[in-house]
Amino acid sequence: RARVVHVTTTQVSFAAPARTPAGVTNLELANRGTKLHEMSITRLTDGKTLKDFDAVMNATDSFPSWAIASGGVADAAMHGGVNRVTETLVQGHYVIACFVPDSDKVPHAARGMLHELTVVPNEVSSATIAEPTSDVTLALSEFAFSPSPQFATGHHVIRGENQGAQPHTFDRHFDGLGA
């Protein structure tokens, strides 16, 4: 069974663990604030830290080459909304960030909505924790989502595969993806 990492948001902050073991992980984002939030996960390389990430993002408003977009949980609705995703986290240092902007177009991350997460070696064999079996694969690329097979009414376990050059996200609320 995959472990669960619980992350809670308020107005512009995260409450989350500082460490978690590597491997298949259920990420759960619970929104306790009055603003829409997301949980973007970025793996830092080259010995970079949250402070380095924040400095580059505030100075250039672009992703540094040593930061690898690693997934995350899309929009969690305000006042108690919860959204979940299953990902395989590899050992390393990560930043959890919310890039949802306020009405003034300033992303919450620029207001300090960042959290450092260290993924440590897993003491349990990762072979004992399998990813969930998906029934639909969703290929994401610039300006296109391509499900295979096509969605039918009902519950689905979707595997997202980014085939584009930029990071992409999806959630169950997009038109055409079913509910």
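What this report covers is the structure whose coordinates are included nearby. (Residues numbered from 1 in each chain as written. Predicted model: local features only at pLDDT ≥ 70, side-chain atom pairs only at ≥ 80, totals over all residues. Heavy atoms only, no water.)

### A few points about the pairing of strand S8 (residues 92–97)
Looking down a regular strand, the side chains alternate between one sheet face and the other. Put simply, the test is: A 1.4 Å probe rolled over the protein chains alone gives each residue an accessible area, and that area as a share of the maximum for its type sets the label: buried under 20%, exposed over 50%, partly exposed in between. Here a strand is any run of E in DSSP of at least two residues, a helix any run of H or I of at least four, and the numbering for each starts at the N terminus. Think of it this way: DSSP has to see at least two bridges between two strands before they count as a pair.
For S8, the tally of buried residues reaches five of six residues, placing the bulk of the element in the interior. Looking at chain direction, S8 and strand S9 (residues 114–120) are connected through six bridges and run antiparallel. Within the sheet, the bridge partner assigned to alanine 97 lies in S9 and is leucine 114.

### Focus: the sheet that holds strand S1 (residues 3–9)
Across the sheet, which stays open at both edges, the four strands sit in the order S2-S1-S4-S7 with mixed pairing between neighbours. With one partner strand each, in any of the chains shown, strand S2 (14–15) and strand S7 (82–89) form the two edges of the open sheet. The pairing of strand S4 (residues 23–31) with S7 spans eight bridges and is classified as antiparallel. Note that in S7 the partner of valine 24 across the bridge is threonine 88.

### Concerning the sheet that holds strand S10 (residues 136–141)
Short version of the rule: Axes here refer to lines fitted to C-alpha atoms; in helices the fit is confined to the stretch in contact. Angles between the N-to-C directions go from 0 to 180 degrees.
With mixed pairing, the three strands of this open sheet are ordered in space as S11-S10-S12. Of all the strands in the sheet, the pair left with one neighbour each is strand S11 (144–148) and strand S12 (158–162). The sheet shows a mean angle of 20° between the axes of neighbouring strands, direction not considered. Pairing of S10 with S12, which is carried by five bridges, proceeds in the parallel orientation. Its bridge partner lying in S12, leucine 138 is registered against glycine 160.

### Here's the deal with the pattern of salt bridges
Let me state the cut-off plainly: Salt bridge criterion: a side-chain nitrogen from Lys or Arg within 4 Å of a carboxyl oxygen from Asp or Glu.
Across all of its chains, the model carries four salt bridges by this definition. Two residues, aspartate 104 and arginine 111, come together in a salt bridge whose shortest N-O distance is 2.4 Å. Arginine 111 sits in the partly exposed class, given a relative accessible area of 37%. If you follow the salt bridges from partner to partner, you end up with Lys35, Asp102, Asp104 and Arg111 in one network.

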